[in-house]
Amino acid sequence: MADDFNKNMRPKNYMEDVVFHHLDDILSDTDCCKCQRCRMDIAAYALNQLPSKYVVTRKGEVYSKLLELQQQFETDVIIAIIKAVEVVKKNPRHDEMQV
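Since the model is a prediction, treat every value here as computed from it, not as a measurement.

**Topic: the overall build of the protein chain**
Secondary structure assignment for the protein chain yields five helices and two strands. Among the 99 residues that make up the protein chain, the fraction classed as buried is 33%. Considering only contacts within the protein chain whose residues lie at least 6 apart along the sequence, 80% involve residues at least 24 apart. Carbon and sulfur atoms form 52% of the exposed surface of the protein chain, whose accessible area is close to 7100 Å².

**Structural notes on helix α2 (residues 14-28)**
Along α2, the helix axis deviates most sharply at His22, where the bend reaches about 30°. Taken residue by residue, α2 has Tyr14, Met15, Val18, Val19, His22, Leu23, Ile26 and Leu27 as its buried positions. Turning to α2, the residues buried within the fold contact β1 (12-13), α3 (36-49), β2 (54-55), α4 (58-68) and α5 (71-90). With a side-chain oxygen lying 3.0 Å from the backbone nitrogen of Met15, the N-terminal cap of α2 falls on Asn13.

**Notes on the environment of Ala44**
With respect to the helices and strands, Ala44 occurs in helix α3. In this structure Ala44 comes out as partly exposed when scored by relative accessible area, which is 36%. Between the C-alpha atoms of Ala44 and Glu16, which are 28 residues apart in sequence, the distance is 8.9 Å.

**So, the side chain of Arg39**
By the element assignment, Arg39 lies in helix α3. A polar contact is formed between the side chain of Arg39 and the side chain of Gln36, at a distance of 3.4 Å. Once residues within four sequence positions are removed from consideration, Arg39 is found in contact with Leu23, Asp24, Leu27 and Lys34.

**With respect to the side chain of His22**
If you trace the backbone, His22 turns up in helix α2. Take His22: its relative accessible area is 12%, and that puts it in the buried class. Reaching out from His22, the side chain makes a polar contact with the side chain of Glu74 at a distance of 2.8 Å. With residues near it in sequence (within four places) discarded, His22 still touches Glu68, Glu74, Val77, Ile78 and Ile81.

**Considerations on the confidence of the model for the protein chain**
Averaged over every residue, the pLDDT of the protein chain is 86; the share at 70 or more is 87%. Looking across the protein chain, the model is least confident in helix α1 (residues 2-8), with a mean pLDDT of 58, and most confident in α3, with 97.

**As for the pattern of salt bridges**
Applying the stated rule across the entire model yields five salt bridges. A salt bridge links Lys12 to Asp17; its shortest N-O distance comes to 3.1 Å. Exposure remark for Asp17: the relative accessible area of 37% places this residue in the partly exposed category. Ionic pairing is found between Arg93 and Asp41, a salt bridge with its closest N-O pair at 3.0 Å. Here the residue Arg93 occupies a position in the segment after α5, and Asp41 occupies one in helix α3, the gap between them amounting to 52 residues. For Asp41, a relative accessible area of 16% corresponds to the buried category. When salt bridges that share partners are traced, they join Arg37, Asp41 and Arg93 into one network.

The rules behind these values
Residues numbered from 1 in each chain as written. Predicted model: local features only at pLDDT ≥ 70, side-chain atom pairs only at ≥ 80, totals over all residues. Heavy atoms only, no water. Helix = DSSP H or I, 4+ residues; strand = E, 2+ residues; numbered from the N terminus. Buried < 20%, exposed > 50% of the residue type's maximum accessible area, 1.4 Å probe, protein only. Contact = heavy atoms within 4.5 Å. Areas by Shrake-Rupley, 256 points an atom, 1.4 Å probe, with all protein chains shown as cover. Bend = angle between axes of the 7 residues up to and from the residue. Polar contact = N/O pair within 3.5 Å; in protein donor to acceptor, adjacent residues only side chain to side chain. pLDDT = per-residue confidence, 0-100. Salt bridge = Lys/Arg side-chain N within 4 Å of Asp/Glu carboxyl O.

As structure tokens, this is what we get:
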């Protein structure tokens, strides 16, 4: 049974959850395209600007959630998303027909 549990465990970048948690709120305050392609480009750009926070265990998830509560951590995520919005807005990779 323990072998089955270990086979299903995978590292997860907790920053993905944090970025997607803030993404729609930030996008709602911009005039940037909100299509799926642009949303994913913004998320990818922001994630590449932020340090990875990989977790595997429940304890690791709790530790990462505590980090999220820190004001500087939140500020860094929001700034990264805003910068990503600016970049994608200037360089959208979708066709006009996709919007």
